[in-house]
Amino acid sequence: MQKIIGAIAIALLVCACSSIDCPIQNTVYTTYKIYNKADTVDTLRDTLTVYSKRVEGTDSVFINKDIKVTNFSLPISYMADADTLVFEFKNVKSIILKDTVTVSKTNTPHFESVDCSPSYFHNLTGVKYTKNKIDSIVIKNTTVSYDASKEHFHIYLKSDN
């Protein structure tokens, strides 16, 4: 009888607890889509490596030697006001061109539940870039959240002529 009462008490305690739906991955990403001058989606012909330049001197590689893609996603820092990225393009002749891209943003803490660690959503406020291989970058969607289907940037590349 005591075993039955103990089992019922445990069952009631388990049922009384709420399930917590914390996101497994709380990093948000910006999505870049490659376009040509005719404003249609294009495919990357060069090999692309993207890494961050951090203040403390360490680099983080986000993309390593990607090719033949039309879009890619990059993580965004939690609380920095700007992220600086280096886009390294290597063409079929092994010529390397590097562009530095600085994305400015505001950061807003986002809470799912008091039991979950906070994540940060962002509002893109500007983008600056060098023009070695990149012709232009246009912000298309300023809100960065968990919605990975949104295109945040359209990136236009110079031709190899």
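Residues numbered from 1 in each chain as written. Predicted model: local features only at pLDDT ≥ 70, side-chain atom pairs only at ≥ 80, totals over all residues. Heavy atoms only, no water.

1. Quick look at the sheet that holds strand β10 (residues 153-157)
Counted only if it meets this: Whether two strands pair depends on DSSP finding at least two bridges between them. In DSSP terms, a helix is any run of H or I states spanning at least four residues, a strand is any run of E spanning at least two, and both are numbered starting from the N terminus. The axes are straight lines fitted to the C-alpha atoms, using for helices just the contacting stretch, and the angles between their N-to-C directions are given from 0 to 180°.
Ordered in space as β4-β1-β10-β8, the 4 strands form an open sheet in which the pairing is mixed. Either end of the sheet is taken by a strand with one partner, and the two such strands are β4 (71-75) and β8 (134-139). Neighbouring strand axes in the sheet, compared pairwise and without regard to direction, differ in orientation by 25° on average. When β8 meets β10, the two strands line up antiparallel, connected through 5 bridges. If you follow I134 over to β10, its bridge partner there is L157.

2. Observations concerning the confidence of the model for the chain
Operational definition: Confidence scores per residue from the predictor, reported as pLDDT, run from 0 to 100. The contact rule is simple, with two residues in contact once any of their heavy atoms fall within 4.5 Å.
For the chain, per-residue confidence averages 79 on the pLDDT scale, and 76% of positions sit at 70 or higher. Considering only residues more than four positions removed or in separate chains, one finds that residues 12-19, a stretch of pLDDT under 50, has 0 contacts.

3. Side note on the environment of F153
As a reminder, the rule being used: Burial here depends on accessible area, computed with a 1.4 Å probe over protein chains only, as a share of the maximum for the residue type. Under 20% is buried, over 50% is exposed, and the range in between is partly exposed.
Positionally, F153 belongs in strand β10. Judged by relative accessible area, F153 falls into the buried class, the value being 0%. C-alpha of F153 to C-alpha of K33: the two residues are 120 residues apart in sequence and 6.3 Å apart in space. Leave out the neighbours within four places in its chain, and F153 touches T30, T31, Y32, K33, V103, L124, V127, I137, V138, I139 and K140.

4. Some points on empty space enclosed by the protein
Note the threshold: The method works on a 1 Å grid over the protein atoms by themselves. A cavity is a set of points holding a 1.4 Å probe that cannot get out, a pocket is an open set with protein on both sides within 12 Å along at least five of seven lines, and residues with an atom within 4 Å of a point line them. Grid points are joined across faces, edges and corners, and a volume is the space filled by probe spheres set on the points. Residue polarity is assigned by list, with Asp, Glu, Lys and Arg as charged and Ala, Val, Leu, Ile, Met, Phe, Trp, Tyr, Cys and Pro as nonpolar; anything else, Gly included, falls into the polar class.
As enumerated under the stated definition, the model contains 1 cavity of 30 Å³ or more in all. One number sums up the size of the largest cavity: a volume of about 50 Å³. Taken together, T30, Y32, P75, I76, D83, L85, V103 and F153 form the lining of the largest cavity. Its residues placed into classes, the lining of the largest cavity shows 6 nonpolar, 1 polar and 1 charged.

5. A short note on the packing of aromatic side chains
Operational definition: Stacked, tilted and edge-to-face are the three classes assigned to paired rings of Phe, Tyr and Trp, where Trp is represented by its six-membered ring and a pair needs centres within 6.5 Å; plane angles under 30 degrees give stacked, over 60 edge-to-face, the rest tilted.
In the structure shown here, the tally under the stated rule is 6 aromatic pairs. Measuring from ring centre to ring centre gives 5.2 Å for Y32 and F72, while their planes differ by 10°; the resulting arrangement is stacked. With Y32 in strand β1 (residues 29-35) and F72 in strand β4, this pair connects stretches of sequence that are 40 residues apart. Side by side, Y32 and F72 carry an identical accessibility label, which is buried.

6. Looking at the layout of surface pockets
Where empty space is left can be seen by rolling a probe of water-molecule size over the atoms. The volume enclosed by the second largest pocket comes to roughly 230 Å³. What lines the second largest pocket is a set of 14 residues, among which D42, R45, L157, K158 and S159 lie closest to the centre. The residue makeup of the lining of the second largest pocket, split by class, is 4 nonpolar, 3 polar and 7 charged.

7. What about the pattern of salt bridges?
Cut-off, in case you're wondering: We define a salt bridge as a side-chain nitrogen of Lys or Arg found within 4 Å of a carboxyl oxygen belonging to Asp or Glu.
According to the stated counting rule, one finds 4 salt bridges in the structure shown. The salt bridge involving R45 is made with D42; its shortest N-O contact spans 3.1 Å. Among the residues examined, R45 registers a relative accessible area of 56% and is labelled exposed. A salt bridge links E88 to K98; the shortest N-O distance between them is 3.6 Å. In this pair, E88 is assigned in strand β5 (residues 82-90) and K98 in strand β6 (residues 96-110), connecting sequence segments 10 residues apart.

8. Here's the deal with the side chain of D99
Quick note on the threshold: Charge assignment in this entry is limited to Lys and Arg as positive and Asp and Glu as negative, and neither His nor the chain termini are counted. Nitrogen and oxygen atoms within 3.5 Å of one another constitute a polar contact, given that in protein one can donate a hydrogen and the other can accept it, and given that sequence-neighbouring residues count only through two side-chain atoms.
Inspection of the secondary structure puts D99 in strand β6. We note that D99 is buried and unpaired, the nearest opposite charge coming from K158 at a distance of 6.9 Å. Here T130 takes part through its side chain, which lies 2.7 Å from a polar atom of the side chain of D99. Those residues within four positions of D99 in sequence are excluded, and the remaining contacts are L85, V86, F87, F89, T130, K131, N132, K133 and I134.

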